[in-house]
Amino acid sequence: MTTLGKTAGGLYWMFRYLERSENTARMVEVGQRIALTRSSADDEWASVLQASGTYQGYMAKHEAVTRDHAIDWMLRDADNPSSVLSVVKAARDNARVVRTALTREVWEAVNEAWMSLAAAMKRRVADRDLQDVLRMIRQRAAFVRGATHGTMLRNDIYDFCRLGMFCERADYTARILDVKYFVLLPSASAVGSRLDDIQWETILRSVSGVGAYQMRFGQELRPREIAQFILHDRTMPRSLAFCAHKLRENLGYLATDYGERLPSHDIADQMNEKLLARPIDAIFETGLHEFLVDFEGCIGHLNRQIEIDYRFYR
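Throughout this description, residue numbers start from 1 for each chain and increase along the sequence as written. The predicted origin of the model limits local features to residues at a pLDDT of at least 70 and limits the giving and counting of side-chain atom pairs to 80 or more, whereas totals for whole chains, interfaces and linings rest on all residues. As a convention, hydrogens and water are excluded, and side-chain values are obtained from all of the structure's heavy atoms.

## Overview of the layout of surface pockets
Part 1: If you add up the space inside the largest pocket, you get close to 280 Å³.
Part 2: Grid points spaced at 1 Å over the protein atoms alone were grouped into cavities, where a 1.4 Å probe fits but cannot get out, and pockets, open sets with protein on both sides within 12 Å along at least five of seven lines, with lining residues defined by an atom within 4 Å of a point. Lining the largest pocket are 15 residues, with Arg-20, Ser-52, Ser-82, Glu-168 and Arg-175 sitting closest to its centre.
Part 3: Where the lining of the largest pocket is concerned, the elements lending two or more residues are helix H1 (2-35), helix H2 (41-52) and helix H8 (156-184). Grid points are joined across faces, edges and corners, and a volume is the space filled by probe spheres set on the points. Think of it this way: any DSSP run of H or I at least four residues long counts as a helix, any run of E at least two long counts as a strand, and we number them from the N terminus.

## Things to note about the packing of helix H12 (residues 240-258) against helix H13 (residues 263-275)
Part 1: Only the contacting stretch of a helix is used when fitting its axis, a line to C-alpha atoms as for every element, and angles between N-to-C directions run 0 to 180 degrees. H13 packs onto H12 with a crossing angle of 150° between their chain directions and a minimal axis gap of 9 Å. If you check the angle between H12 and H13, you find them roughly antiparallel. In the packing of H12 onto H13, the handedness of the crossing is left-handed. Along its contact with H12, which presents Ala-244, His-245, Arg-248, Leu-251, Gly-252 and Ala-255, the element H13 presents Ser-264, His-265, Ala-268, Asp-269, Met-271, Asn-272 and Glu-273.
Part 2: Under this grouping Gly is polar, as are all residues other than the nonpolar Ala, Val, Leu, Ile, Met, Phe, Trp, Tyr, Cys and Pro and the charged Asp, Glu, Lys and Arg. Taken together, the residues of the contact of H12 with H13 sort by class into 5 nonpolar, 5 polar and 3 charged. Should an angle fall under 35 degrees it is taken as roughly parallel, and over 145 as roughly antiparallel, whereas 65 to 115 is taken as roughly perpendicular and any remaining angle as oblique. Crossing chirality is assigned from the near helix's rotation relative to the far helix, an anticlockwise turn below a right angle marking it left-handed and a clockwise turn marking it right-handed. Two residues qualify as a contact provided that any one of their heavy atoms is within 4.5 Å of a heavy atom in the partner residue.

## Observations regarding the packing of helix H5 (residues 84-97) against helix H6 (residues 104-120)
Part 1: Where H5 meets H6, the axes come as close as 9 Å, and the angle between the chain directions of the two elements is 150°. As far as their axial angle goes, H6 and H5 are roughly antiparallel. Seen from above, H5 lies across H6 with left-handed handedness. Every residue of H6 that contacts H5 at Val-84, Leu-85, Val-88, Lys-89, Ala-91, Arg-92, Ala-95 and Arg-96 is listed here: Trp-107, Val-110, Asn-111, Ala-113, Trp-114, Leu-117 and Ala-118.
Part 2: Residues of the contact of H5 with H6, tallied by class, amount to 11 nonpolar, 1 polar and 3 charged.

## Here's the deal with empty space enclosed by the protein
Part 1: Under the definition given, this model contains 1 cavity of 30 Å³ or more.
Part 2: In this model, the largest cavity occupies a volume close to 40 Å³.
Part 3: Around the largest cavity, the lining residues are Phe-15, Leu-18, Glu-19, Ala-141, Val-144, Arg-145 and Met-165.
Part 4: Looking at the lining of the largest cavity, the elements with two or more residues in it are H1 and helix H7 (127-151).
Part 5: Looking at the lining of the largest cavity residue by residue, the classes come out as 5 nonpolar, no polar and 2 charged.

## Considering unusual backbone geometry
Part 1: Notably, Ser-208 is not glycine yet its phi reads approximately 55°, a positive angle.
Part 2: Secondary-structure assignment places Ser-208 in the loop between helix H9 (194-206) and helix H10 (210-217).
Part 3: Only protein chains enter the calculation, and the probe is 1.4 Å; a residue is then buried if its accessible area is under 20% of its type maximum, exposed if over 50%, and partly exposed in between. You can call Ser-208 partly exposed: its relative accessible area is 49%.
Part 4: Positive phi values are uncommon outside glycine, yet Arg-311 reaches one of about 55°.
Part 5: As for its position among the elements, Arg-311 is in the segment after helix H15 (288-309).

## A short note on the pattern of salt bridges
Part 1: When a carboxyl oxygen of Asp or Glu lies within 4 Å of a side-chain nitrogen of Lys or Arg, that pair is called a salt bridge. One pass over the structure, following the stated rule, counts 33 salt bridges.
Part 2: For the salt bridge of Arg-16 with Glu-168, the shortest nitrogen-to-oxygen distance reads 2.8 Å. Pair noted here: Arg-16 is in helix H1 and Glu-168 is in helix H8, with a separation of 152 residues, a long-range link.
Part 3: The class of Arg-16 is buried, set by a relative accessible area of 5%.
Part 4: The exposure class of Glu-168 is buried, given its relative accessible area of 5%.
Part 5: The partner of Asp-233 in a salt bridge is Arg-216, and the shortest N-O contact between them spans 2.9 Å.

## Observations regarding the confidence of the model for the protein chain
Part 1: For every residue, the predictor states its confidence as a pLDDT score lying anywhere from 0 to 100. Confidence along the protein chain averages 90 in pLDDT terms, with 90% of residues attaining 70 or more.
Part 2: Across the protein chain, the secondary-structure element scoring lowest on mean pLDDT is H9, at 77, and the one scoring highest is H6, at 98.

## Topic: the packing of aromatic side chains
Part 1: The aromatic pairing rule takes the rings of Phe, Tyr and Trp, using the six-membered ring of Trp, and pairs them if the centres are within 6.5 Å, calling planes under 30 degrees apart stacked, those over 60 edge-to-face and the rest tilted. Scanning the entire structure with this criterion turns up 11 aromatic pairs.
Part 2: With centroids separated by 5.9 Å and ring planes inclined at 55°, the aromatic side chains of Phe-166 and Phe-242 adopt a geometry described as tilted. With a gap of 76 residues between them, Phe-166 in helix H8 and Phe-242 in helix H12 connect regions that are remote in the sequence. Taken as a pair, Phe-166 and Phe-242 share a single burial class, namely buried.
Part 3: Aromatic ring contacts, followed pair by pair, group Tyr-12, Trp-13, Tyr-17, Phe-160, Tyr-258, Tyr-310 and Phe-312 into a single cluster.

Below is the structure:
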C-alpha cells in the first residue's frame, strides 16, 4: 500500500495543482472585472486574496493591498505556495515522481506547461500582456486534461487524477460564489441593483457558464437561476453538483477495483444525497453563505479522508 499511496498521492496532487493554476487565473480575471464596478479597486483585490486563501500570506509580505502586488502575488510570487508558478512547478514535480504511471503525452503536456509559464512569467507581467498570460494558463491546464482524457487508461490511475481535479474545482466554485454573496455585496440595498446584476454575471463568466446558462434559462441573467445553475446543474462541468457527482463516481470505481468501501465513499454519498439535494429556495432561505461554508467544509473533510483511506505520501 505504501507504493500505491505514493503514486496515488502524486497523481491526486498533480491534478489538484494544475486545476488550482487555472482557478487562480480565473480568480484574477474576476478581480479585474469586478474592480471596474467598485469605487475602491484595492478593496476588491483584498476580497479576491481572501477568496483564494492567500490574504494572510500576502499581508505578511506587503504593507497594503494594491492591484499590481496582488496580481503578482497570485501569478508568480515564490513566497506564495498557491501562486500559478508555484503550483505548476509542484504539479511538474509530482508528475516526475509518478512518471511511469503517465502516458508520454500527459508528461509532455505537464512539462511544457511549466516551461511555457515559467518563461512567460520570468518577470512581472505587464498590463498589456496580462490577458494573454491568463489565457495561456487556462490553455496549458486544458492541454493536460485533453492528453489525460485522450491517452490514459480508465483505471485507478485515472481515478486518482480525476479525484484531485474535481476536489480542487469544487472548492474553487464554492469560494467564487461565496466571494460574490458574502464579501463583494455586503449591503442589502444593492441586491437587485445594476451592480448586483453585473457581479452575478461576472461570477457566471468565471466558471465559463454564460453561454451554457443562456441555453438553459434564456438571455436574461437572474441571480436565483444563476445560483441554481452553478450549484445544481449536473451538465455544467464546473457546478458543485457536477463535481460532487464525479467525485462519487470515481470513488465508486476505486471501490470496485480494490473490493473495499472506505469512509471517503460515505462522505461523497452524503454530499450528493443530503447537502446538494437541498432545493435552491431552501438554500436561499437559510443563507447561501452558510450553505457554501458547509460545502467547503465537506470538501475539506473529503480531501483529508481520501488521503487517509489511500495512504497518500507527499
